[in-house]
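Letter by letter, the chains look like this.
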Amino acid sequence: MNLARLAAERDHPIRVALIGAGKFGSMFLAQVPTIAGLEVAVIADLDPDRARAACRNVGWDDARIAATRFTDSGLDAARAEVDVVIEATGHPEAGITHALAAIDAGRHIVMVNVEADVLAGAELARRAARAGVVYSMAYGDQPALVAEMVDWARATGFQVAAAGKGTKYLPAYHHVTPDDVWSHYGLTPEAAQAAGMNPQMFNSFLDGTKSAIEAAAMANACGLDVPEAGLGFPACGVDDLANILRPQSVGGQLARDGMVEVVSSLERDGRPVFRDLRWGVYVVLKAPNDYAAACFKQYGLPTDTTGRYAAMYKPFHLIGLELSVSALSVALRGEPTGQTRDWRGDAVAVAKRDLRAGDMLDGEGGWTVYARATSAQASRAQALLPIGLAHGVALTRNIAKGTTLRMEDVVLNDTLNGVQLRRQMLR
């Protein structure tokens with residue numbers, strides 16, 4: 001890739017503004033002192049003292065902290081005199097607002113905030129292109145790593161049969177709330193609180209919401225389809241990827257080639273899957289001809305029973321520790337590390353329990369809804385409620401448990417950027 005060499009040889013460093021100094025941001029900050037040619041000039045956080053403490057915690061010395069400007073305003077950071085803005089708040093409305101400000105200011109934007117990207121990434125990418133700046137997914141997070149693998153597969157002439165990630169999943173997890181999330185992680189509430197772990201955030205990884213969001217992001221970046229009925233979460237280890245993640249017509253579990261899917265590290269009875277992919281990502285390749293299929297076998301690549309499908313995978317992702325790749329790529333090459341190209345997938349809100357008119361939805365990982373992946377075509381046709389707009393809004397009617405919500409089922413604030421961009425996408 002040559003990014004490290006190009007950055008080190010520049011006559012001035014790449015300057016970055018980071019918005020959000022949480023876990024993802026802290027992991028990025030931990031690596032910055034050892035990356036030649038990269039400098040964090042501005043850090044925005046609702047609590048600047050907490051951000052300074054995060055810098056100390058990851059090993060920054062006093063001189064580096066003193067040379068960095070801290071602010072409580074994400075908009076201030078988005079408009080700062082920097083090369084790249086990294087949005088890592090995890091809040092959809094804040095992320096969209098900061099991205100719009102950065103684009104208007106002529107700054108490249110790296111969107112760690114996959115919630116915002118799935119809500120309105122197609123429109124943000126279009127606006128960035130018109131402004132002559134790069135809008136990019138965050139390398140180290142699973143959608144960007146999948147986009148890299150898919151691009152590699154296509155650049156080498158293979159058809160992409162399937163792509164996705166692994167997670168820990170059982171159907172019952174869809175209805176877990178922050179009240180009982182820690183039992184599934186083997187923690188007590190007291191231990192989790194002492195470690196500073198947010199129960200709602202961690203619940204979003206368990207109840208299927210984060211998987212739905214990330215699968216939609218993968219579909220939007222890679223031109224792949226989301227299963228019409230939502231993700232199936234088949235139990236699957238790395239040795240079975242090519243057999244399970246191929247079309248039903250040849251013995252697999254997918255409707256057709258070209259799908260996203262998330263595999264579970266648990267069998268449906270709770271037993272662990274052998275050689276699971278809980279922390280990783282994968283792509284299933286389809287050989288374009290008999291000669292390529294024969295090469296699979298000759299060079300030791302495990303295939304499915306037909307010999308035409310084979311899987312490549314990466315067992316881990318290091319999230320913020322890898323984020324610098326995005327900052328360097330957009331600044332040095334003008335290339336995103338994954339980008340929403342089209343609106344093909346969505347993550348929509350489903351009721352976790354019976355809800356009544358007037359109830360307030362609490363969004364990702366909360367007590368009221370979880371996210372289900374669906375096609376953008378279905379979401380647009382039915383004006384389904386994206387999970388990114390399902391926080392802090394009141395229901396207008398009773399909703400039965402398991403029902404997918406529509407935008408008309410809640411009272412939306414049409415002054416919000418997220419609502420405006422989603423309505424524009426629907427039009």
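Scroll up to find the structure.
Just so you know, these numbers come straight off a predicted model, no measurement behind them.

J.: Tell me about unusual backbone geometry, residues and numbers included.
T.: Among all residues save glycine, negative phi is the norm, and among peptide bonds the norm is trans. Of note, the phi angle at I319 is positive, near 35°, even though the residue is not glycine. Note that I319 resides in the loop between β10 (309–314) and α14 (324–332). A residue is classified by how much of its surface remains accessible, and I319, at 21% relative accessible area, is partly exposed.

J.: Could you give me a rundown of the sheet that holds strand β8 (residues 259–264), with the residues and numbers involved?
T.: If you walk across this open sheet you meet the 4 strands as β8-β7-β9-β10, and the pairing is mixed. With partners counted over all chains shown, the strands left at the sheet margins are β8 and β10, one partner each. Between one strand axis and the next, the sheet turns through 25° on average, direction left out of account. The pairing of strand β7 (residues 159–167) with strand β9 (residues 281–286) spans 6 bridges and is classified as antiparallel. Looking at the pairing, G164 lines up with Y282 of β9.

J.: Talk me through the nonpolar core; I want residue IDs and the actual numbers.
T.: Ranked by size, the top nonpolar core spans 89 residues in total, and within it L361 and L385 carry the most contacts. In this structure, L385 is in contact with A347, V348, A349, L361, A390, L405, R406, M407, V410 and L412, ignoring residues within four places of it in sequence. If you look at the next biggest cluster of nonpolar residues, it comprises 30 residues, including I35, V40, W60 and A138.

J.: Account for the pairing of strand β5 (residues 108–111), with residues named and values stated.
T.: Residues of β5 alternate between two faces, with H108 and V110 on one and I109 and M111 on the opposite face, all of them buried. Inspection of the sheet shows strand β4 (residues 84–87) paired to β5 by 4 bridges, in the parallel sense. In the sheet register, I86 faces β5, and the bridge partner there is V110. As a crossover connection, the stretch from β4 through helix α6 (residues 92–104) into β5 is right-handed. As judged from the 3 bridges shared by β5 and strand β6 (residues 135–137), these two strands associate in the parallel manner. In the sheet register, V110 faces β6, and the bridge partner there is S136. Running through helix α7 (residues 114–131), the crossover from β5 to the neighbouring parallel element β6 is right-handed.

J.: An account of the pattern of salt bridges is requested, with residue identities and associated values reported.
T.: Counted by the stated rule, this structure contains 25 salt bridges. Residues E9 and R5 are paired through a salt bridge, measuring 3.1 Å at the closest nitrogen-oxygen approach. Placement of both E9 and R5 in helix α1 (residues 3–9) is noted, with a separation of 4 residues, approximately one turn of the helix. Taking relative accessible area as the criterion, R5 reaches 41% and is therefore assigned partly exposed.

J.: How would you sum up the environment of L412? Please name residues and give values.
T.: Looking at the element boundaries, L412 is found in the loop between β14 (391–394) and α16 (417–426). On a C-alpha basis, the gap between L412 and T396 in space is 10 Å, while along the polypeptide they are 16 residues apart. If sequence neighbours within four positions are ignored, L412 has contacts with L385, L389, V393, M407, V419 and R423.

J.: Could you give me a rundown of the sheet that holds strand β3 (residues 69–71), with the residues and numbers involved?
T.: The 6 strands lie next to each other as β3-β2-β1-β4-β5-β6, forming an open sheet whose pairing is parallel. This sheet does not close on itself; its edge strands, each paired only once, are β3 and β6. Each neighbouring strand pair of the sheet contributes to a mean axis angle of 25°, computed without reference to strand direction. Examined bridge by bridge, strand β1 (residues 14–19) and strand β2 (residues 38–44) share 6 bridges and lie parallel to one another. In the sheet register, L18 faces β2, and the bridge partner there is I43.

J.: Requested: an account of helix α3 (residues 48–57), with residues and values cited.
T.: For α3, the complete set of buried residues consists of P48, A51, A54 and C55. Projected down its long axis, α3 shows its buried positions confined to an angular sector of 110°, all on one face. The outward face of α3, more than 90 degrees from its buried face, is lined by the exposed residues D49 and N57. Of the surrounding secondary structure, the elements contacted by the buried residues of α3 are α2 (23–31), β2, α4 (62–66) and β3. The N-cap residue of α3 is D47: its side-chain oxygen and the backbone nitrogen of D49 are 3.1 Å apart. Positive backbone phi, at 105°, marks G59, one or two positions downstream of α3.

J.: So what's going on with the packing of aromatic side chains? Residues and values would help.
T.: If you walk through the whole model with that rule in mind, you get 6 aromatic pairs. Note on W182 and Y185: the rings are 6.0 Å apart at their centroids and 55° apart in plane angle, and the pair reads as tilted. For W182, a relative accessible area of 6% puts it in the buried group. Joined through ring pairs, the aromatic side chains of W152, F158 and F296 make up one cluster. The aromatic ring of F205 is capped on one face by K210, whose charged end is 5.2 Å from the ring centroid.

J.: Run through the packing of α7 against helix α11 (residues 209–222), naming residues and quoting values.
T.: Running from N to C, α7 and α11 cross one another at 50°; their axes reach a closest spacing of 9 Å. Taken as axis vectors, α7 and α11 run oblique relative to one another. For the pair α7 and α11, the sense of crossing is left-handed. Judged by residue contacts, V114, E115, D117 and V118 of α7 engage K210, I213, A216 and A217 from α11. Looking at the contact of α7 with α11, its residues break down into 5 nonpolar, no polar and 3 charged.

J.: Could you give an account of the packing of α7 against α16, with specific residues and numbers?
T.: Two numbers describe how α7 lies on α16: the axes approach to 9 Å, and their chain directions differ by 80°. Judged by the angle between their axes, α7 and α16 are roughly perpendicular. The residues of α16 that touch α7, namely those facing V118, L119, A120, A122, E123, L124 and R127, are G418, L421, R422, Q424 and M425. For the contact of α7 with α16, the class distribution of residues is 7 nonpolar, 2 polar and 3 charged.

Calculation rules
Residues numbered from 1 in each chain as written. Predicted model: local features only at pLDDT ≥ 70, side-chain atom pairs only at ≥ 80, totals over all residues. Heavy atoms only, no water. Helix = DSSP H or I, 4+ residues; strand = E, 2+ residues; numbered from the N terminus. Buried < 20%, exposed > 50% of the residue type's maximum accessible area, 1.4 Å probe, protein only. Pairing = 2+ DSSP bridges. Axes fitted to C-alpha atoms, helices over the stretch in contact; angles between N-to-C directions. Core = buried A, V, L, I, M, F, W, Y, C linked by side-chain atoms within 4.5 Å. Contact = heavy atoms within 4.5 Å. Right-handed = clockwise from strand over helix to strand, strands pointing away. Salt bridge = Lys/Arg side-chain N within 4 Å of Asp/Glu carboxyl O. Arc of directions from axis to C-beta. Polar contact = N/O pair within 3.5 Å; in protein donor to acceptor, adjacent residues only side chain to side chain. Phe/Tyr/Trp six-rings, centres within 6.5 Å; stacked < 30°, edge-to-face > 60°. Lys NZ or Arg CZ within 6 Å of the ring centre and 35° of its normal. Parallel < 35°, antiparallel > 145°, perpendicular 65-115°, else oblique. Left-handed = near helix turned anticlockwise from the far one by under 90°. Nonpolar A, V, L, I, M, F, W, Y, C, P; charged D, E, K, R; others polar.

Structural measurements only, silent on function.
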